[in-house]
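For reference, the chains in residue letters:
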Amino acid sequence: RQGEILPALLYAAELAGVDVVYRLGGAAAVGAMAYGTRTIPAVDKIVGPANVFGTEAKRQVVGRVGIDSLAGPSEIVIVAQEDAAKAEWVAWDLLAQGEHGSGAVAVLLSPSAHFLAQVARAGRDIVRKHPELSAAQKAMVLFKVRDLRAAMAMADAYAPEHLSLQLKDPHRWLEKVSCAGAVFIGTWTAQAMGDYTAGPNHVLPTHGTARWASPLSVRDFERYTSIVEYTASGIRREGPAAVTVAATEGLLAHANSIQQRISRK
């Protein structure tokens, strides 16, 4: 905001081997990287989270460049048991997600109405001491569920970016998870650790896209090419099946480009 780059960010970039840094951001940065300017060369792929304007800019340049995903706003679902989770810790976890602002969602699912009340009270107490978190408190949504099985079913249907299992036997319930960007197991595993030091990349699928998408990984920076080679005997062996499919599709040239090779003596 002051026209300067955070020194810690520059130092981290240096440690990571970054040799060029441009001082711009948001939709303007996406446009500059996608199309190029007099001073900024066009790139092949744009990755990383953004606000609503930067995300819309990424959506508009898909095809011109590759992107990782249209991520955000941030979200967490916490499934908690009263006799395993600590109400104050859960309140802080919810507020930490709400702290992202701009549509962030922080959901708590628990079969215990008493525990939900404890978390709500802890959240209010924290905000009284730290009024700067009042906006984050608005992201908190507390649901009473019938039992843990129902909670896990709801969480999986939601397919959250972050799923926190603050349960007595979290590994048992992990087997019920099929859709989540990242799962945080046990009461000691603060979701914020995933933002900083846990290790996995933290550009994660949001808005239910965890049903079919995965977190950003090194694979997003790799490309692969198919290389195909047939011998005369190979195309005679497999070619007839391909000719049959091509003929079924009504593609004469496709079928004959193969048949000519099969028939050659």
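So, here is what we can say about the structure in this document. Not measured: the values here are computed from a predicted model.

## A short note on the pattern of salt bridges
- Under the criterion given, the structure shown has seven salt bridges.
- Residues D220 and K45 are paired through a salt bridge, measuring 4.0 Å at the closest nitrogen-oxygen approach. Of this pair, D220 sits in the loop between α9 (191–196) and α10 (232–248) while K45 sits in strand β1 (residues 45–46), placing them 175 residues apart in sequence.
- The exposure class assigned to D220 is partly exposed, which follows from its relative accessible area of 22%.

## Here's the deal with the side chain of D156
- Turning to its location among the elements, D156 is positioned in helix α7 (residues 148–158).
- Although buried, D156 forms no salt bridge, and the nearest oppositely charged side chain, R211, lies 8.0 Å from it.
- Here D156 is in contact with K176, V177, S178 and C179, once residues within four sequence places are set aside.

## Description of the packing of aromatic side chains
- Evaluation of the coordinates by the stated rule reveals one aromatic pair.
- If you follow K86 out to its NZ or CZ, it ends over the ring of W89, 5.3 Å from the centre.

## So, the pairing of strand β3 (residues 75–80)
- With respect to burial, β3 is a largely interior element, six of its six residues being buried.
- Neither face of β3 is exposed, since E75, V77 and V79 on one face and I76, I78 and A80 on the opposite face are all buried.
- As judged from the five bridges shared by β3 and strand β4 (residues 105–110), these two strands associate in the parallel manner. Note that in β4 the partner of V79 across the bridge is L109.
- This β-α-β element, β3 to helix α4 (residues 87–98) to β4, shows right-handed connectivity.
- Bridge analysis of β3 against strand β6 (residues 162–166) gives five bridges, and the strand direction is parallel. Within the sheet, the bridge partner assigned to A80 lies in β6 and is Q166.

## Overview of the sheet that holds strand β7 (residues 182–185)
- Read from one edge of the open sheet, five strands run β5-β4-β3-β6-β7, paired in parallel fashion. In this open sheet, the two strands that pair with only one neighbour each are β5 (140–144) and β7. Along the sheet, successive strands turn relative to each other by an average axial angle of 15°, direction set aside.
- Sheet strands in contact with helix α5 (residues 113–129) are β3, β4 and β5, and its direction is about 165° off that of β5.

## Section: the side chain of S74
- Note that S74 resides in the loop between β2 (66–67) and β3.
- At 3.0 Å, the side chain of S74 forms a polar contact with the side chain of E161.

## Brief notes about helix α3 (residues 52–61)
- G54, T55, A57, K58 and V61 are the residues of α3 that are buried. Projection of α3 onto a plane perpendicular to its axis shows the buried side chains occupying an angular sector of 160°, all on one side. Exposed and oriented more than 90 degrees from the buried face of α3 are V52, F53 and Q60.
- In this structure, the buried residues of α3 make contact with α2 (26–35), β1 and β2.
- One or two positions beyond α3, positive phi appears at G63, with a value near 105°.

## Concerning unusual backbone geometry
- Positive phi outside glycine occurs at A159, with the angle close to 50°.
- Taking relative accessible area as the criterion, A159 reaches 0% and is therefore assigned buried.
- In this structure, H207 takes a positive phi of about 55° despite not being glycine.
- By the secondary structure assignment, H207 is in the loop between α9 and α10.
- Taking the relative accessible area as the measure of exposure, H207 reaches 59% and is therefore exposed.

What counts and what doesn't
Residues numbered from 1 in each chain as written. Predicted model: local features only at pLDDT ≥ 70, side-chain atom pairs only at ≥ 80, totals over all residues. Heavy atoms only, no water. Salt bridge = Lys/Arg side-chain N within 4 Å of Asp/Glu carboxyl O. Helix = DSSP H or I, 4+ residues; strand = E, 2+ residues; numbered from the N terminus. Buried < 20%, exposed > 50% of the residue type's maximum accessible area, 1.4 Å probe, protein only. Lys, Arg positive; Asp, Glu negative; His and termini not counted. Contact = heavy atoms within 4.5 Å. Phe/Tyr/Trp six-rings, centres within 6.5 Å; stacked < 30°, edge-to-face > 60°. Lys NZ or Arg CZ within 6 Å of the ring centre and 35° of its normal. Pairing = 2+ DSSP bridges. Right-handed = clockwise from strand over helix to strand, strands pointing away. Axes fitted to C-alpha atoms, helices over the stretch in contact; angles between N-to-C directions. Polar contact = N/O pair within 3.5 Å; in protein donor to acceptor, adjacent residues only side chain to side chain. Arc of directions from axis to C-beta.

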